[in-house]
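Single-letter residue listing:
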Amino acid sequence: MSPNDNRIDARDWSLLAVLSVLWGGSFFFNGAALRELPPLTLVFLRVALGAAILLPLLRMQGIGLPKGMAGWKPFVAIGLLNNVIPFSLIVLGQTFIPSGLASILNATTPLFTVMVMVMAAAGEEALQMRRVAGVALGLAGVIILRGWGIETRPGQGLGILLCLGGAFSYGFAALAARRLLKDAPPLGTATFQLMASTVMMAVVAGAVEQPWHLSMPGLTTWLAVLGLAALSTALAYIVFFQIIRRSGATNVMLVTLLIPVTAILLGWLVLGEPISAREIAGAIVIGSALLVIDGRALRLLRRTA
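S.K.: Help me understand the overall build of the protein chain in this model?
M.R.: Helix and strand counts for the protein chain stand at 13 helices and zero strands. Traced from its N-terminal end to its C-terminal end, the protein chain shows the element sequence α-α-α-α-α-α-α-α-α-α-α-α-α. Relative to all contacts within the protein chain whose residues are 6 or more apart in sequence, the contacts with residues 24 or more apart total 91%. Here the protein chain displays about 13600 Å² of accessible surface, and carbon together with sulfur accounts for 70% of that area.

Following this line, the structure appears as structure tokens:
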């Protein structure tokens with residue numbers, strides 16, 4: 001399937017669902033780990049362990065490292081826009097606001113992605129009013145599903161701005177990945193951008209937080225960090241770059257609309273948490289938005305009308 005195609009096939013819808021589970025878990029893992037770790041140190045551990053997990057797979061697949069500065073340049077750019085900036089901003093934001101609100105703000109990513117594509121006059125993917133309307137409808141569904149009933153906290157405004165900044169950075173990352181890494185294998189792309197991010201975060205976390213002075217975290221924190229690195233980073237990025245190659249940058253960012261839905265479904269299936277009528281209504285609105293964005297349902301209705 002061409003990445004210029006406006007549609008998403010059944011395989012990529014399935015991959016988006018998997019990615020929503022993997023990335024949805026990052027908000028939970030962040031919340032648990034932040035109890036004992038400062039935010040920038042947590043981001044460093046996330047990307048460093050993620051890279052360490054993927055490196056043996058890279059060797060098994062026989063994928064060589066990039067050659068020279070020119071070879072590493074695109075991965076440094078992607079690592080900065082896709083990891084260093086958004087991970088740091090979102091984790092910092094979560095020190096001021098609840099994880100649920102952070103996931104709602106993260107769902108603005110498709111809107112920012114569309115804005116970035118328009119500003120960059122990206123010719124690779126068609127930007128139609130159908131897509132813009134669908135993304136806006138999906139964001140409304142996320143707000144209905146999660147609600148705005150949050151308590152007021154000191155610094156909440158700053159936390160919201162930080163999370164929105166992270167979502168904006170993801171929009172630029174999707175465009176950069178689409179343009180710079182067209183022919184790179186997903187496993188290689190995921191590994192190399194995490195390796196580049198590890199170097200950058202080592203400098204930032206070392207300068208700001210000096211993590212070598214911290215006391216050793218407990219088992220629960222390490223389990224959260226491992227889940228964040230293995231599931232929400234290493235595995236998630238393999239899926240992420242696979243979808244970008246097949247369906248394009250604007251389509252892959254639809255995953256942020258699905259994250260709140262999968263979080264609620266997991267809570268119902270795993271923890272036995274009840275699902276309210278508001279959450280059902282929000283999920284229906286999001287599902288309708290995804291149908292609008294995909295376009296095939298609308299074309300079918302026109303043919304049968």
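S.K.: How should the packing of aromatic side chains be read in this particular structure?
M.R.: Describing an aromatic ring pair means giving the distance of the ring centres and the angle of the ring planes. Applying the stated criterion to the full structure yields twelve aromatic pairs. Geometrically, the ring pair formed by phenylalanine 75 and phenylalanine 192 is edge-to-face, given 5.1 Å between the ring centres and 75 degrees between the ring planes. One end of the pair, phenylalanine 75, is in helix α3 (residues 68-93); the other, phenylalanine 192, is in helix α8 (residues 186-208), and 117 residues separate them in sequence. For the pair phenylalanine 75 and phenylalanine 192, a shared accessibility class is recorded, and that class is buried. Taken together, a centroid distance of 5.7 Å and an interplanar angle of 75 degrees make the contact between tyrosine 237 and phenylalanine 240 edge-to-face.

S.K.: Is there a simple way to explain the environment of alanine 102 in this structure?
M.R.: Mapped onto the elements, alanine 102 comes out in helix α4 (residues 99-106). Exposure remark for alanine 102: the relative accessible area of 1% places this residue in the buried category. Note: C-alpha distance between alanine 102 and valine 91 (eleven residues apart in sequence) is 9.2 Å. Those residues within four positions of alanine 102 in sequence are excluded, and the remaining contacts are Phe27, Gln94, Ile97 and Cys163.

S.K.: Where do I start with empty space enclosed by the protein in this structure?
M.R.: Left-over empty space is what a probe sized like a water molecule reveals as it rolls over the atoms. Across all of its chains, the model carries three cavities of 30 Å³ or more by this definition. Forming the boundary of the largest cavity are 14 residues, of which Ser26, Phe27, Arg46, Ile90 and Tyr170 lie nearest the centre. If you list the elements that add at least two residues to the lining of the largest cavity, you get α1 (10-33), α3 and α11 (255-271). Broken down by class, the residue content of the lining of the largest cavity amounts to eight nonpolar, five polar and one charged.

S.K.: Where do I start with α3 in this structure?
M.R.: Relative to the 38 Å expected for 26 residues at 1.5 Å per residue, α3 spans 36 Å between its end C-alpha atoms, a close match to the ideal helical length. The largest bend in α3 amounts to roughly 40 degrees and is located at leucine 80.

Conventions used here
- Residues numbered from 1 in each chain as written.
- Predicted model: local features only at pLDDT ≥ 70, side-chain atom pairs only at ≥ 80, totals over all residues.
- Heavy atoms only, no water.
- Helix = DSSP H or I, 4+ residues; strand = E, 2+ residues; numbered from the N terminus.
- Contact = heavy atoms within 4.5 Å.
- Areas by Shrake-Rupley, 256 points an atom, 1.4 Å probe, with all protein chains shown as cover.
- Phe/Tyr/Trp six-rings, centres within 6.5 Å; stacked < 30°, edge-to-face > 60°.
- Buried < 20%, exposed > 50% of the residue type's maximum accessible area, 1.4 Å probe, protein only.
- 1 Å grid on protein atoms, 1.4 Å probe; cavity = no way out; pocket = protein on both sides within 12 Å on 5 of 7 lines; lining within 4 Å.
- Points joined across faces, edges and corners; volume = space filled by probe spheres on them.
- Nonpolar A, V, L, I, M, F, W, Y, C, P; charged D, E, K, R; others polar.
- Expected span 1.5 Å × (residues − 1).
- Bend = angle between axes of the 7 residues up to and from the residue.

By themselves, these are just geometric observations and shouldn't be taken as functional.
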